[in-house]
Amino acid sequence: AQKWSDEDGKEAVVSTQSTGSQAHQRKDIVVKFKSGGSFEIRFNPPGIMLKGANLLPEGFVGNSNSYIALLKAVISGKKELLPSMDTVLASWNVWEPLLTMNHNLLIHSNLRNMAVERRGKFLVAVDTENPLEEEHVRFFNKAFMIGDHEEHIYDHVAQDIVRVAEATLKEGSAFHLALSGGSSVLGLFKYLLGVKLDWSKTHIWQVDERCDVNYLNAANLRYFLLDHVKISPSNLHLMPVTEKGCGDVAEYQMVFERYCALNKFHYVLLGLGNDGHTASHFQQSRTLAETPNFKHVEVDANVVSPKRMTISFDLINRSEWVSILVVGKEKREVIQSIKNGDVYPVSKVSNSQLTWFIDEVLL
């Protein structure tokens, strides 16, 4: 028991009483006034069930200083320790979106050589062939990041795609995956061939394409990936390009609307150029034609095939999951510039489920 008095001389004794067995103990807080009268707070502290045993939370003490300080404030009519109802309600403007969004929370054990895998809202430690240790999980440019050796990065991306595909197919009949062009994704394709992805229910889309049949991203996509998996031609959605150049983006928009009822992709895999571009969004480019989700652009840069087709940032940012794969020593300068706060086209990627997969030598 502890005795105290307030500024007006009101005296009270605060004590705790425990009843029941240790496994099912109830703790009561009793406040008795010297002038007469008392009140009690009776409750069962929250229990934790573990292998059939009810364990009281460690450190639960009914007459701890924090409880007594709070009771003093209540009895004395002091409000400074108690938030107002407006403050409590306002706080839910912060917490409720966090509770309802499909966010990333890292839960890790003290064990080493454990990989991190998303399960629902959370990240948990699991055993994998290529272990992802705690120091590999960080934040980059205000987003979640995984940094590891290049060959392990490809495996982590492949496993991430499988994770989303499996979760998607539990609730639906199709998984829509948009893959970037460029060189970064080429190393990933052999890892996608080694994972258990249900290709019969997977729809492949292009993030961007070159308007030159001699330099098509689709050619590499077929040679390194699609020719080696059993995927229906009706599940393959390549951007229209002919000998004359890029086709009509409105045509690709119609195909997208026909197959993607949710008006977004389940997973978008992007790359990063050493000039900071992603998809085919460069620092200097002009739009030749566009639809709500796709663009035909001309790039004002020294690149192969300056005319391109690309998905829009709006489609990228509203899709369910987005990853940016960054490998290659030539990317070190742009990665360091982004870390320093410099703005590039890739800075417009603001999807709430964005994850950077970066070769650790670039960090």
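Coordinates for the structure precede this section.
All figures in this text were calculated on a predicted structure; none of them were measured in a lab.

**Q** Just to check I follow, could you spell out the overall build of the chain for this structure?
**A** For the chain, the helix and strand inventory stands at eight helices and 23 strands. Here the chain holds 363 residues, and the buried ones make up 44% of them. Long-range pairs, those at least 24 residues apart, make up 61% of the contacts in the chain between residues at least 6 apart in sequence.

**Q** Explain the environment of Phe-139 here, please?
**A** As for its position among the elements, Phe-139 is in strand β10 (residues 137-140). By relative accessible area, Phe-139 is classed as exposed at 66%. When the C-alpha positions of Phe-139 and Trp-356 are compared, they lie 8.5 Å apart, and in sequence the two are 217 residues distant. Those residues in contact with Phe-139 that sit more than four places away from it in its chain are Phe-144 and Met-145.

**Q** I keep staring at unusual backbone geometry and nothing clicks. Help me out?
**A** Glycine aside, a negative phi is what most residues show, and trans is what most peptide bonds show. The backbone of Asn-263 sits at a positive phi, close to 60 degrees, despite the residue not being glycine. Along the chain, Asn-263 falls in the loop between α6 (249-259) and β18 (267-270). A residue is classified by how much of its surface remains accessible, and Asn-263, at 34% relative accessible area, is partly exposed. Backbone geometry places Ala-279, a non-glycine residue, at a positive phi of 50 degrees. Of note, Ala-279 is situated in the loop between β18 and β19 (285-290).

**Q** Would you take a moment to explain the nonpolar core for this structure?
**A** Across soluble globular proteins, nonpolar side chains have a tendency to be buried as a group. Counting residues in each nonpolar core, the largest one holds 39 residues, and the members touching the most others are Phe-265, Leu-272, Ile-311, Ile-324, Val-349 and Trp-356. Residue assignment for this core shows that the elements contributing at least two residues are β11 (143-148), α6, β18, β21 (307-311), α7 (313-318), β22 (321-326), α8 (332-339) and β23 (354-359). Ranked by the residues each element gives to this core, the list is headed by α6, at four residues. Setting aside anything within four residues of it in sequence, one finds Val-349 in contact with Leu-270, Thr-278, Phe-313, Ile-316, Asn-317, Val-322, Ile-324 and Leu-354. Phe-144, Trp-199, Ile-231 and Trp-321 belong to the second largest nonpolar core, which has 34 residues in total.

**Q** Where do I start with the sheet that holds β21 in this structure?
**A** As a general point, the strands of a sheet are linked pairwise by backbone hydrogen bonds and lie either parallel or antiparallel. Reading across from one edge, β14-β21-β20-β19 is the order of the four strands in this open sheet, with antiparallel pairing throughout. In this open sheet, the two strands that pair with only one neighbour each are β14 (208-210) and β19. The mean angle between the axes of side-by-side strands here comes to 25 degrees, regardless of whether they run parallel or antiparallel. Relative to β21, strand β20 (residues 294-299) runs antiparallel, the two being bridged by five bridges. Bridge assignment links Val-297 to a residue of β21, and that residue is Arg-308.

**Q** What am I meant to see in the pairing of β23 here?
**A** Regular strands show a simple pattern: their side chains alternate between the two faces of the sheet. For β23, the tally of buried residues reaches six of six residues, placing the bulk of the element in the interior. Across the two faces of β23 the burial is the same, with Leu-354, Trp-356 and Ile-358 and Thr-355, Phe-357 and Asp-359 all buried. Strand direction decides the pairing type here: β11 and β23, joined by five bridges, are parallel. Each bridged residue has a counterpart across the sheet, and for Ile-146 the counterpart in β23 is Phe-357. One crossover worth recording links β22 to the parallel β23 by way of α8, and it is right-handed.

**Q** Before we go on, may I ask you to explain the side chain of Thr-278 in this structure?
**A** When you line up the elements, Thr-278 lands in the loop between β18 and β19. Note on Thr-278: relative accessible area 1%, which makes it buried. If near-sequence neighbours (up to four positions away) are discounted, Thr-278 is found in contact with Leu-270, Gly-271, Phe-313, Val-346 and Val-349.

**Q** Honestly, the pairing of β18 in this entry has me stumped. Any pointers?
**A** A two-sided burial pattern is seen for β18, the buried positions comprising Tyr-267 and Leu-269 on one face and Val-268 and Leu-270 on the other. Relative to β18, strand β12 (residues 175-179) runs parallel, the two sharing three bridges. The partner of Leu-179 across the bridge, within β18, is Leu-269. Bridge analysis of β18 against β22 gives four bridges, and the strand direction is parallel. The residue of β22 that forms the bridge with Val-268 is Val-322.

**Q** Would you explain the state of the cysteines in this entry?
**A** As used here, a disulfide is simply a covalent bond connecting the sulfur atoms of two cysteines. Tallying each qualifying case throughout the model produces one disulfide. Covalently, Cys-211 is tied to Cys-246 through a disulfide, its sulfur atoms 1.4 Å apart. Here the S-S torsion is close to -80 degrees, and the disulfide linking Cys-211 with Cys-246 is therefore left-handed. Of this pair, Cys-211 sits in the loop between β14 and α5 (217-224) while Cys-246 sits in strand β17 (residues 245-246), and the two are 35 residues apart along the sequence.

**Q** Would you take a moment to explain the packing of aromatic side chains for this structure?
**A** Where two aromatic rings form a pair, the distance of their centres and the angle of their planes describe that pair. All chains considered together, the criterion is met by nine aromatic pairs. Taking 5.3 Å as the distance between ring centres and 75 degrees as the angle between the ring planes, the aromatic pair formed by Phe-256 and Phe-265 counts as edge-to-face. For the pair Phe-256 and Phe-265, a shared accessibility class is recorded, and that class is buried. Ring geometry for Phe-256 against Phe-294: centres 5.5 Å apart, planes inclined by 80 degrees, an arrangement best described as edge-to-face. Residue Phe-256 is found in helix α6, and its partner Phe-294 is found in strand β20; the two are separated by 38 residues along the sequence. By relative accessible area, which is 0% here, Phe-294 ends up buried. One aromatic cluster is present, formed by Trp-205, Tyr-252, Phe-256, Tyr-259, Phe-265 and Phe-294 through successive ring pairs. Over the face of the ring belonging to Trp-321 we find Arg-163, whose NZ or CZ atom lies 4.3 Å from the ring centre.

Calculation rules
Residues numbered from 1 in each chain as written. Predicted model: local features only at pLDDT ≥ 70, side-chain atom pairs only at ≥ 80, totals over all residues. Heavy atoms only, no water. Helix = DSSP H or I, 4+ residues; strand = E, 2+ residues; numbered from the N terminus. Buried < 20%, exposed > 50% of the residue type's maximum accessible area, 1.4 Å probe, protein only. Contact = heavy atoms within 4.5 Å. Core = buried A, V, L, I, M, F, W, Y, C linked by side-chain atoms within 4.5 Å. Pairing = 2+ DSSP bridges. Axes fitted to C-alpha atoms, helices over the stretch in contact; angles between N-to-C directions. Right-handed = clockwise from strand over helix to strand, strands pointing away. Disulfide = S-S within 2.5 Å. Phe/Tyr/Trp six-rings, centres within 6.5 Å; stacked < 30°, edge-to-face > 60°. Lys NZ or Arg CZ within 6 Å of the ring centre and 35° of its normal.

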